[in-house]
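Spelled out from the first residue to the last, the chains are:
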Amino acid sequence: QNLLNIDIDNFNGINAAFGSEHASQLLIAVRDAVLKVFPPPHFVARVAPDLFYVIGPAELVDFESAEPIFAAPLTVDGNEYLITACYALVPLSAAGSTPEEVLRATNASMRAAKANGPGSHQRYNPSLEVEAKRRFAISSKLAQALCGNELTTLIQPQIDLTTGRMIGGEVLLRWNHAGHATPPSEFIPIAEQSALIHKIGQAVIDQTFAALAALALAGREDVTLSINVSPREFENEDYVRAL
């Protein structure tokens, strides 16, 4: 038996654009499309506003067999909508022996699928759960690091090759925890998936202005420092004003 998880892409956007009543009618069309491809005795359930589960024999429930669901636009009130979805496929024999283990495997697989963008597929792999636990551990430690001042900045200087004089610098964020350095390429993507990125961005700004003040006291008011800003920081409408 396989469990196929179908998560409609951008359903919140559809809801916001057309209203809940129209979105409900679209969900009915999605349900009918799913049942047309996976009729009884397949088990089909809607388990969240934009999420469907299909359970059936492994030879019948897979990515290929699901392709016809959204191959053609869905019609609602005379209007056609081209829908896409992310899919996660979980062989029940490999996911564990309890409902909790199956759900954990399904959720980990869907997170991996959605991370690859709309319309992506992901088959269950035990390593996905290991990765999910690792990311959660980093996220938890990162929240503590903000409180413990473990995040520090370094300045990578920009040098005038003619004079050898420092004319500017790029502010680089570093995280050292219990003697272990975690590279930004590892913790920044995790922070960007939570509200932590806003606090991290503010910490970088605070440390950058402190560095500018120290440089000014040393007689280097001419030095310009640049910082890296996550696109998510611009979700805060007050970001520019606060800066």
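Higher on the page you've got the structure.
What you see is a predicted model, and the numbers here were worked out from it, not measured in a lab.

**Focus on helix 7 (residues 184-191)**
Here's step 1: Of the residues making up helix 7, those classed as buried are Phe-187, Ile-190 and Ala-191. In an axial view of helix 7, the angular spread of the buried residues amounts to 100°, which keeps them on one side of the axis.

**A short note on a nonpolar patch on the surface**
Here's step 1: The grouping of Val-229, Phe-234 and Val-240 at the surface amounts to a nonpolar patch, some 280 Å² of accessible area in total.
Here's step 2: Secondary-structure assignment places Val-240 in helix 9 (residues 239-242).
Here's step 3: For Val-240, a relative accessible area of 61% puts it in the exposed group.

**Brief notes about the nonpolar core**
Here's step 1: Counting residues in each nonpolar core, the largest one holds 27 residues, and the members touching the most others are Leu-4, Ile-6, Ile-69, Phe-70 and Tyr-87.
Here's step 2: Looking at this core, the elements that each hand over two or more residues are strand 1 (2-8), helix 1 (11-18), helix 2 (20-37), strand 3 (51-56), helix 3 (63-66), strand 4 (74-76) and strand 6 (85-91).
Here's step 3: Per-element tally for this core: the top contributor is helix 2, with 7 residues.
Here's step 4: Setting aside its immediate chain neighbours within four residues, Ile-69 contacts Ile-6, Ala-33, Val-34, Val-37, Phe-38, Leu-74 and Tyr-87.

**Things to note about the pairing of strand 6**
Here's step 1: For strand 6, the buried fraction is high: 7 of the 7 residues fall into the buried class.
Here's step 2: Here strand 6 shows no split at all, with Ala-85, Tyr-87, Leu-89 and Pro-91 on one side and Cys-86, Ala-88 and Val-90 on the other all buried.
Here's step 3: Two strands pair when backbone bridges link them, and strand 1 and strand 6 are joined in this way by 7 bridges, in the antiparallel orientation. By the bridge assignment, Leu-4 is partnered in strand 6 with Leu-89.
Here's step 4: Pairing of strand 6 with strand 7 (residues 121-123), which is carried by 3 bridges, proceeds in the parallel orientation. Residue pairing in the sheet places Ala-88 in a bridge with Gln-122 of strand 7.

**A short note on helix 5 (residues 99-115)**
Here's step 1: Counted at 1.5 Å a residue, the expected span for helix 5 with its 17 residues is 24 Å, and the 24 Å between its end C-alpha atoms agrees.
Here's step 2: Those residues of helix 5 lying buried are Val-102, Ala-105, Thr-106, Ala-108, Ser-109, Met-110, Ala-112 and Ala-113.
Here's step 3: Once helix 5 ends, the next one or two residues include Gly-117, with phi positive near 105°.

Cut-offs used in this document
- Sequence order as written defines the numbering, with residues in each chain counted from 1.
- Under the rules for a predicted model, residues below a pLDDT of 70 receive no local features and side-chain atom pairs below 80 are neither given nor counted, while totals for whole chains, interfaces and linings still include all residues.
- Values reported for side chains reflect all heavy atoms of the structure, with hydrogen atoms and water molecules removed beforehand.
- The rule is simple: take the accessible area with a 1.4 Å probe, protein chains only, and divide by the maximum for that residue type; under 20% is buried, over 50% is exposed, in between is partly exposed.
- Put simply, DSSP marks the helices as runs of H or I at least four residues long and the strands as runs of E at least two long, and each gets a number from the N terminus on.
- Within this analysis, the arc is defined by the directions that extend from the helix axis to the C-beta atoms.
- Patch membership is restricted to residues that have no salt bridge and whose relative accessible area is over 30%. Joining uses 9 Å for like charges and 5 Å for the nonpolar side chains Val, Leu, Ile, Met, Phe, Trp and Tyr.
- In these tables, accessible area is a Shrake-Rupley quantity obtained with a 1.4 Å probe, and a residue counts as shielded only by the protein chains included in the view.
- Note on definitions: salt bridges are taken to be side-chain nitrogens of Lys or Arg within 4 Å of carboxyl oxygens of Asp or Glu.
- We call a set of buried residues a nonpolar core when its members are Ala, Val, Leu, Ile, Met, Phe, Trp, Tyr or Cys and they connect through side-chain atoms within 4.5 Å of each other.
- Whether two residues are in contact is decided by their heavy atoms, any of which lying within 4.5 Å being enough.
- A pair of strands is labelled paired if DSSP reports no fewer than 2 bridges between them.
- Here the expected length of a helix is defined as 1.5 Å per residue gap, with one fewer gap than residues.

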